[in-house]
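If you want the building blocks of each chain, they are given just below.
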Amino acid sequence: MRVLITGGYGFIGAWIIRNLLARGDEVWVFDLREDNRRLRLILPAADVAKVRFVPGDVTDLPAVSAAIAQHQITHVIHLAGLQVPTCRADPLLGAKVNVLGTLAVFEAVKAAADQVKRLVYASSAAVFGGPDKYPPRTYTWPLADDVPLIPSTHYGVFKCCNEGNARIYFQDFGLSSVGLRPWTVYGVGRDLGMTSEPTKAIKAALLGRPYHINFGGWTDFQYADDVAKTFIYALERPYTGAKSYNLRGSVVTLQEFHAVLCQVLPAAAQLITFGTTQIAIAYDLADDALQRDLGPMPRTPLIDGIRETVAIFRQLHQEGRLDTADLESPRTAPVVVDEP
């Protein structure tokens, strides 16, 4: 495959690239600027050098189209977007990048016709409302992909808009696409966003530093390598339609996460603490449809994912390449479940 990844220098993009290169695929990253620091955390320099950079703004339709045509792209993964804090602070900018940028990608793929075999894009579990919006007396848990979407942030609303537009592109033009809804993705390179804090806690515990995770309650921990492989399988397996799918990893409380982390790094018992705030996104989401339509998909046990993360962090630390700036970065207050 000849794969173009918008926003490919981000955390999930780096893990997707790692998997694509291991398969022998060719990769181009379409992004505002070249920043391969996350790639360098999980790939040798020789592999990082194989990734081709295409500078451009995802909202610039001619630039996206030119990248697809010039490099004879056969598959597109669309990851470019702005996170919850930016969308909250500047909804107009959030809408421009997250919604208009996604429309530009769809338009470019449509114009490329049969050259592009598949488009897969990142939606988010943030399309769902808080767990209080889906009472067990009304809804069957875990929640299916098609329960009502009641997002509690601009970011979630923008993702709902993208899912709706994907459906219209299939309805009107027959353009198939797959939307994927990650939850708390963890692993080396996760340094931004509200749900990056468990990964930062793993790093802090390894270094013998205290760290407080700002939220609590339940969440769905999904290992980065599993999420990357899911994007790639969605890119290549037979599919017709425009559905958005839940992803599922290890659905546990922060207390359970902490207990597993302590099994891997016993020092975490004294170093790592966590809050009580439940993030306002339904956490128990079924991936039955994804497994049926595009599976099987990988699901690494939480303890194995933490062990692999620790192993990579430890190697980077031994090499003097473990950046700790993210441990001091400002925190993002979680969007909380509505009070009764």
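Up top is the structure these notes are about.
Residues numbered from 1 in each chain as written. Predicted model: local features only at pLDDT ≥ 70, side-chain atom pairs only at ≥ 80, totals over all residues. Heavy atoms only, no water.

Visitor: Which residues make up the packing of aromatic side chains, and what values do they have?
Guide: In total, this model carries 13 aromatic pairs according to the counting rule given. An angle of 70° between the planes, with centres 6.3 Å apart, marks the rings of F128 and Y134 as edge-to-face. Each member of the pair, F128 as well as Y134, carries the same accessibility label: buried. Relative to Y283, the ring of W141 lies with its centre 5.8 Å away and its plane at 45°, an arrangement referred to as tilted. On the criterion of sequence distance, the pair formed by W141 in the loop between β5 (118-122) and α7 (154-173) and Y283 in the loop between β12 (272-274) and α12 (288-294) is long-range, its members being 142 residues apart. Residue W141 is classed as partly exposed on the basis of its relative accessible area, which comes to 23%. In this structure Y283 comes out as buried when scored by relative accessible area, which is 16%. An aromatic cluster is built from W15, Y186, F221, Y223 and F257, whose rings are joined through pairwise contacts. (Phe/Tyr/Trp six-rings, centres within 6.5 Å; stacked < 30°, edge-to-face > 60°. Buried < 20%, exposed > 50% of the residue type's maximum accessible area, 1.4 Å probe, protein only. Helix = DSSP H or I, 4+ residues; strand = E, 2+ residues; numbered from the N terminus.)

Visitor: Just give me the short version of the packing of helix α8 (residues 197-207) against helix α13 (residues 302-318), but keep the residues and values in it.
Guide: Packing of α8 against α13 leaves a shortest axis separation of 10 Å and a crossing angle of 55°. Classed by the angle they form, the pair α8 and α13 counts as oblique. When the axes of α8 and α13 are compared, the crossing they make is right-handed. Facing T199, I202, K203, L206 and L207 of α8, the residues of α13 in contact are I306, T309, V310, F313, R314 and H317. Per-class residue counts for the contact of α8 with α13 are six nonpolar, three polar and two charged. (Axes fitted to C-alpha atoms, helices over the stretch in contact; angles between N-to-C directions. Parallel < 35°, antiparallel > 145°, perpendicular 65-115°, else oblique. Left-handed = near helix turned anticlockwise from the far one by under 90°. Contact = heavy atoms within 4.5 Å. Nonpolar A, V, L, I, M, F, W, Y, C, P; charged D, E, K, R; others polar.)

Visitor: Please provide a residue-by-residue account of the side chain of D284, values included.
Guide: Take D284: it is sitting in the loop between β12 and α12. We classify D284 as buried; its relative accessible area is 16%. Among the polar contacts made by the side chain of D284, one reaches the side chain of R248 at a distance of 2.7 Å. Once you skip the residues sitting within four places of it in the chain, D284 turns out to touch W141, P142, L143, R248 and V251. (Polar contact = N/O pair within 3.5 Å; in protein donor to acceptor, adjacent residues only side chain to side chain.)

Visitor: Can you explain the nonpolar core? Please cite residues and give values.
Guide: If you look at soluble globular proteins, the nonpolar side chains tend to sit buried side by side. In this structure, I272 and I306 are the most contacted members of the largest nonpolar core, which totals 89 residues. Sequence-distant contacts of I272, that is, excluding residues within four places in its chain, are made with A201, A204, A205, R209, Y211, I213, H258 and L261. Core analysis: the second largest hydrophobic core is formed by 23 residues, V54, V97, F106 and Y169 among them. (Core = buried A, V, L, I, M, F, W, Y, C linked by side-chain atoms within 4.5 Å.)

Visitor: So what about the sheet that holds strand β6 (residues 177-181)? Which residues, and what values?
Guide: Reading across the sheet, the seven strands line up as β3-β2-β1-β4-β5-β6-β10 and stay open at both edges, with parallel pairing between neighbours. The outermost strands of the open sheet, each flanked by one partner alone, are β3 (52-55) and β10 (242-246). If you compare each strand with its neighbour and ignore which way they point, the axes differ by 20° on average. Pairing of strand β2 (residues 26-31) with β3, which is carried by four bridges, proceeds in the parallel orientation. Following the sheet pairing, D31 is matched in β3 by P55. Its contacts with the sheet place helix α4 (residues 61-70) against β1 (2-6), β2, β3 and β4 (75-78), and it is angled at close to 170° to β2. (Pairing = 2+ DSSP bridges.)

Visitor: Residue-level account of the sheet that holds strand β7 (residues 184-186), with values.
Guide: Here we have three strands laid out as an open sheet, ordered β7-β9-β11, and mixed in their pairing. Either end of the sheet is taken by a strand with one partner, and the two such strands are β7 and β11 (250-253). This sheet shows a mean twist of 40° between the axes of neighbouring strands, independent of strand direction. Looking at chain direction, β7 and strand β9 (residues 218-223) are connected through three bridges and run parallel. Note that in β9 the partner of T184 across the bridge is F221.

Visitor: Account for α13, naming residues and giving values.
Guide: Structurally, the α-helix is built with 3.6 residues per turn, so residues lying three or four positions apart point the same way. A rise of 1.5 Å per residue sets the reference length of α13, with its 17 residues, at 24 Å; its end C-alpha atoms lie 24 Å apart and thus fit the reference within 8%. Within the span of α13, buried status applies to L302, G305, I306, T309, V310, I312, F313 and L316. Along α13, the residues classed as buried sweep out an arc of 165° about the axis, all on the same side. Looking one or two places after α13, you find G320, whose phi comes out positive at around 75°. (Expected span 1.5 Å × (residues − 1). Arc of directions from axis to C-beta.)

Visitor: Could you give me a rundown of the pairing of β6, with the residues and numbers involved?
Guide: Most of β6 sits out of view: five of its five residues are buried. Side chains S177, G179 and R181 project from β6 onto one buried face, and the interleaved V178 and L180 project onto a second face that is buried too. The pairing of β5 with β6 spans four bridges and is parallel. Paired with L119 across the two strands is S177, which belongs to β6. Tracing the backbone out of β5, into α7 and back to the parallel element β6 gives a crossover that is right-handed. (Right-handed = clockwise from strand over helix to strand, strands pointing away.)

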